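Coordinate inspection notes
Take a look at the letters that make up each chain.
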Amino acid sequence: MAEFTPDPSAVAAYQSEAALEAEFIRLLQGQAYEYLTVRTEADLLANLRVQLQALNQVEFSDDEWQRLLSEYIAGANDGTVNKTVRIQEDHVYAFRRDDGSTKNIALIDKKSIHNNRLQVINQYEVEQGGEAGGAYANRYDVTILVNGLPLVHVELKRRGIDIREAFNQIDRYQRHSFWAGSGLFDYVQLFVISNGTLTKYYSNTTRRQHVEDARGQQRVKKSSNSFEFTSWWADASNTPIRDLVGFTKTFFAKHALLAILTRYCVLTADRQLLVMRPYQIVATERILQRIEIATNYKQLGTTAAGGYVWHTTGSGKTLTSFKAAQLASRLPSVDKVLFVVDRKDLDWQTQREYDRFEKGAANASTSTAELSKNLADPERRIVITTIQKLARLVQSQKGHSIYDGHVVLIFDECHRSQFGDMHTSITKAFKRYNLFGFTGTPIFAENAGSGGKPLLKTTEQAFGEKLHTYTIVDAITDKNVLPFRIDYVNTITMPEGLTDKQVAAIDTEKALLDPTRIGNIVEYILEHFDQKTRRSENYALGERRVRGFNALFATASIEAAKRYYAAFQTMQAGIPDAQRLKVGIIYSFAANEAEVDGFLDEEGFDAAGLDLPSREFLDAAIADYNRLFGTQWDTSSNGFAGYYTDLSKRLKNREIDLVIVVNMFLTGFDATTLNTLWVDKNLRSHGLIQAYSRTNRILNSVKTYGNIVSFRDLEKQTNDAIALFGNKNARGVVLLKPYGEYYAEYSALVTDLLERFPVEVPIVGEEAQREFVALLGSILRLENILTSFDDFETDELLTARQKQDYRSIYLDIYASIRRPTDEKEVINDDLTFEIELIKQVEITVDYILLLVQKYRDERGDGDDSEVRAQISRAIDASPSLRNKKELIEAFVDRVSANGAVDEEWTAYVAARRDAELTQLIADESLHPDATREFIDRAFRDGALQTSGVAITRVLPPASRFAPDGAHAAKKQRVLERLGEFFERYFGLG
């Protein structure tokens, strides 16, 4: 939709949740959705049969229908992932009928989307236990059926309630009942949450991973599992459509919803379902429209046949370009889609991303000869290459057959290398092409540059007109990237009236490379590194738990980078290895080291152009790196390329703390673990935005902004760049508020907390609990921001003891509310718990064992009550240890007067763990060997495998479709008990 204008609301009366639901259903009916009264699984299955028969123009016998259910639609061991694959990839099944013939049965028609039938049901009930029951009784709000399958679920809250509670409620349904009976609700692909005023959507991967993370499955990446990854719907001008009425008229328009389900979801190679955001969909649609129009009007081979997409850095351009390439490659007129990147690092990175989206979807050409072969292969619909390889091909093979074909060229980043001779030679060689560019920082007339260099073409002159815009302001407003927090640290005391520019002009090297200044900056970084990169906090990254984030240090020249690296080596010489920052360095020859008008000059991937001292220094630094990580890189051509790739991977995996760079990694490099950029370099315009944007990728709720620490006065350049690439009002959105504003709010809230909820006074009543949770949650969120400010270290208002006690009370309320009961959960829907922020200050088992040692040492004096209370308080304040409380306290009470505490603890945990598992196996009649293997694998992997065949080997034999319907309930009960066992013992001993 080009532009959405909401209807003015004339309703002034209070609206209940039931009334909101009724209005929503009425709107859907007005858009030709059929309303059904379906309350039970039997009704749902009966309707599914009717709908699939109509879609496939077939009548199933009763036997055929039962076989289709058990073989394909509702297999006994299928979970959400299996069913998502079925909808996204395997939606047609070759079904063998009773008479021996084979009939293709489709679940959804992706070619003619209007052949699919949309229905709406509400208040669908799942009873507790029984043939089709869940672990607990649930009643769902509104569900959209596509050909009888529940593919979209909508959870509503009344106006005035936080929509996060709808998100939380869907999590609870997944744990308690989506899997119940035939498990049809595991087919849900998209979720919509709304309180009438605000409405968002997200994929089933977000919901599934959020639940798995909550269960302690640490190998699941915290990259798409939380409320932060839900999306607003918007029109083509990026105006959010938040009200449920407007959302329903646009998102739930039949053609829009079916297009999202069939065209604008991406199932990645690791089986994660990504649903595209509105700006990504609009950009893709406009590229496809431009290809069609240019083909029909015979405009191929001109700039009128293409255009560029301005989507800010970090907003998901690679996913958009992949979907555009994928859909373009399916157009009948298109012979080949060429995805062109401009550097070797992006070649590797983009290939990795494309492989993640769809294994084998694209083929990266590692040589010009391989590129030529791939371009000639009609089976290779999408080919990735670098602009350098493509230019060499054009020069060396003048008569390649691909030049006469209809080729769609998509350039990943519109860097200036694409505006020069290579760009010209490529566009001359191809005759029938569409040329599209993606950029986060376009070249406008204002930043086309001069400064002794020829003026660049603008992005529009090189690629054609702008097709769609999504600026940094849009992205931060939508919370798709993080805002920046900038510190300007003065490093030179200048005479009055002398400006920073004048100092640079007078004697740049002497002023800025002075050993005292470099020493002061390195000392400052070492002193503040833990604070800026949040080293006191830990989180899951893949299968590991890591502490804090990592950083880049951007320097102005190779000489500066060398001096800074040497200073770090000298200053850390006396520090133990375990406490020393892992510092790397990378640079290579660049034609122009000095930046002009904001350009970050392209560095090559060959160190041969370096002068001898710079190359010898880099070889020595790489040797340090090799000793640190057990690698064997050097500055030879292949050795340097390998070093770059290895270094970039270690940055992404949080294995290295700080990398000193000149220009490398400042454009086109994405690592969600990066949160800090230290800057001793003049940046401006698009170069500044590109560099800053390395830090603001969303990872989890621990990472709340990108941290910039500048040792030069870049305030004017920052404001100018934000105004150019956002809008004139962008500064207040893009940058965080000053410390004083956050602290004033924090101080008021803490004062309120201490006055209204003294630690020693019990919090009585649901209303008081609700207010306490909201108040402490606000304080936790502010603390998360304030901890990066230097001033906050001495300004905290709560003592360590008070924070422990308040967190214990908070977690106690959380546990009592989240614990399922047969009664309705009264205040659960009004509360949002900041549990991930609580986890940032978790107490570890090692800390508890130190307290136990202290406890044992003091027992001889008979004065042990305070230490014993301290142990209990520490356990209560830790989410990961609360479920281990009985285990730890029993150990404390039996610890011997002498002997090693850690050895006693290890033996104690092993004995308790074995005894408890033996009892669990006996209680549930599980297969002993398979169960122990299942649990051992979970402890080894750091996660309990809840889907697949492994759990079926554990369970005693049972049929999912047996009359007593016990299979699903049994499986869920066993998984919950094994999950509780795993959480209690994981990380101990």
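Going by the structure above, here's the rest.
Keep in mind that this is a model prediction, so the values were computed, not measured.

1. Notes on the overall build of the protein chain
Scanning the protein chain for helices and strands turns up 36 helices and 27 strands. Here the protein chain holds 989 residues, and 58% of them are scored as buried. Across the protein chain, every contact between residues at least 6 apart in sequence was considered, and the portion connecting residues at least 24 apart equals 73%. Within the structure as shown, the protein chain displays about 40300 Å² of accessible surface, and the carbon and sulfur contribution to it stands at 50%.

2. Quick word on unusual backbone geometry
The phi dihedral of Asn147 is positive, around 55°, even though this residue is not glycine. Secondary-structure assignment places Asn147 in the loop between β7 (142-146) and β8 (149-156). The backbone phi angle of Ser685 is positive, close to 50°, even though this residue is not glycine. Relative to the elements of secondary structure, Ser685 occurs in helix α22 (residues 685-692). Taking the relative accessible area as the measure of exposure, Ser685 reaches 12% and is therefore buried.

3. Thoughts on helix α12 (residues 368-376)
Along an α-helix, a turn takes 3.6 residues, which lines up residues three or four apart on a common side. When α12 is considered as a whole, its buried residues turn out to be Thr368, Leu371, Ser372, Asn374 and Leu375. End-on view of α12: buried residues confined to an arc of 165°, all on one side of the axis. Set apart from the buried face of α12 by more than 90 degrees, the exposed residues are Ala369 and Lys373.

4. Quick notes on the packing of aromatic side chains
Enumeration according to the criterion identifies 43 aromatic pairs in this entry. Taken together, a centroid distance of 4.9 Å and an interplanar angle of 20° make the contact between Tyr644 and Phe665 stacked. Of this pair, Tyr644 sits in helix α21 (residues 637-652) while Phe665 sits in the loop between β25 (658-661) and β26 (674-680), and the two are 21 residues apart along the sequence. Measuring from centroid to centroid gives 6.1 Å for Phe772 and Tyr806, while their planes differ by 35°, and the two rings are tilted. With Phe772 in helix α26 (residues 766-786) and Tyr806 in helix α27 (residues 800-818), the pair connects residues that are 34 residues apart, well separated along the chain. Across this residue pair, the class does not change: Phe772 and Tyr806 are buried. Each residue in the set Tyr124, Tyr140, Phe167, Tyr173, Phe178, Phe185, Phe191 and Tyr202 is aromatic and connected to the rest through ring pairs, giving one cluster. The side chain of Arg242 reaches across the aromatic face of Trp232, ending 4.3 Å from its centre.

5. Observations concerning the pairing of strand β13 (residues 307-311)
The two faces of the sheet receive side chains in turn, since in a regular strand these alternate between them. Burial of β13 is extensive: five of the five residues sit out of reach of the surface. Neither face of β13 is left uncovered, since the one carrying Gly307, Val309 and His311 and the one carrying Tyr308 and Trp310 both have all their residues buried. By the bridge criterion, four bridges tie β13 to strand β18 (residues 432-439) in an arrangement that is parallel. Paired with Val309 across the strands is Phe438, a residue of β18. Here β13 runs beside strand β19 (residues 466-470); their pairing, made up of four bridges, is parallel. Its bridge partner being in β19, Val309 is matched across the sheet by His468.

6. Some words on the sheet that holds strand β4 (residues 118-122)
Hydrogen bonds along the backbone pair up the strands of a sheet, which may run parallel or antiparallel. An order of β1-β4-β7-β8-β9-β10 is seen for the six strands of this open sheet, with the pairing classed as mixed. Two strands in the sheet have a free side with no partner beyond their single neighbour: β1 (34-35) and β10 (199-203). Summarising the sheet, β7 and β8 pair through five bridges and their orientation is antiparallel. Each bridged residue has a counterpart across the sheet, and for Val146 the counterpart in β8 is Leu149.

7. A short note on the side chain of Gln572
Within the secondary structure, Gln572 is located in the loop between α19 (558-571) and β24 (583-586). Beyond its immediate sequence surroundings of up to four residues, Gln572 is in contact with Leu526, Arg580, Leu581 and Val583.

8. Description of the packing of helix α9 (residues 278-296) against helix α10 (residues 317-329)
Following both chains from N to C, one finds α9 and α10 inclined at 35°, their axes separated by 9 Å at the closest point. The chirality of how α9 crosses α10 is right-handed. Taken together, the residues of α10 that come into contact with α9 (itself represented by Gln280, Ala283, Thr284, Ile287, Leu288 and Ile291) are Leu319, Thr320, Lys323, Ala324, Leu327 and Ala328. A per-class count over the contact of α9 with α10 returns eight nonpolar, three polar and one charged.

9. With respect to the pattern of salt bridges
Scanning the model with the defined rule gives 40 salt bridges in all. The partner of Arg49 in a salt bridge is Asp62, and the shortest N-O contact between them spans 3.0 Å. Note that Arg49 is positioned in helix α2 (residues 41-56) and Asp62 in helix α3 (residues 62-73), a separation of 13 residues in sequence. Each of Asp923, Glu924, Lys970, Arg973 and Arg977 takes part in a single network of salt bridges with overlapping partners.

10. Brief notes about the nonpolar core
Generally speaking, nonpolar side chains in soluble globular proteins are found buried as a group. Ile73, Leu151, Val152, Phe251 and Phe252 are the most contacted members of the largest nonpolar core, which has 105 residues in total. The element that contributes the greatest number of residues to this core is α10, accounting for six residues. Once you skip the residues sitting within four places of it in the chain, Ile73 turns out to touch Leu48, Leu52, Trp65, Leu68, Lys83, Arg86, Leu107, Leu184 and Tyr187.

Rules behind the numbers
- Residues numbered from 1 in each chain as written.
- Predicted model: local features only at pLDDT ≥ 70, side-chain atom pairs only at ≥ 80, totals over all residues.
- Heavy atoms only, no water.
- Helix = DSSP H or I, 4+ residues; strand = E, 2+ residues; numbered from the N terminus.
- Buried < 20%, exposed > 50% of the residue type's maximum accessible area, 1.4 Å probe, protein only.
- Contact = heavy atoms within 4.5 Å.
- Areas by Shrake-Rupley, 256 points an atom, 1.4 Å probe, with all protein chains shown as cover.
- Arc of directions from axis to C-beta.
- Phe/Tyr/Trp six-rings, centres within 6.5 Å; stacked < 30°, edge-to-face > 60°.
- Lys NZ or Arg CZ within 6 Å of the ring centre and 35° of its normal.
- Pairing = 2+ DSSP bridges.
- Axes fitted to C-alpha atoms, helices over the stretch in contact; angles between N-to-C directions.
- Left-handed = near helix turned anticlockwise from the far one by under 90°.
- Nonpolar A, V, L, I, M, F, W, Y, C, P; charged D, E, K, R; others polar.
- Salt bridge = Lys/Arg side-chain N within 4 Å of Asp/Glu carboxyl O.
- Core = buried A, V, L, I, M, F, W, Y, C linked by side-chain atoms within 4.5 Å.

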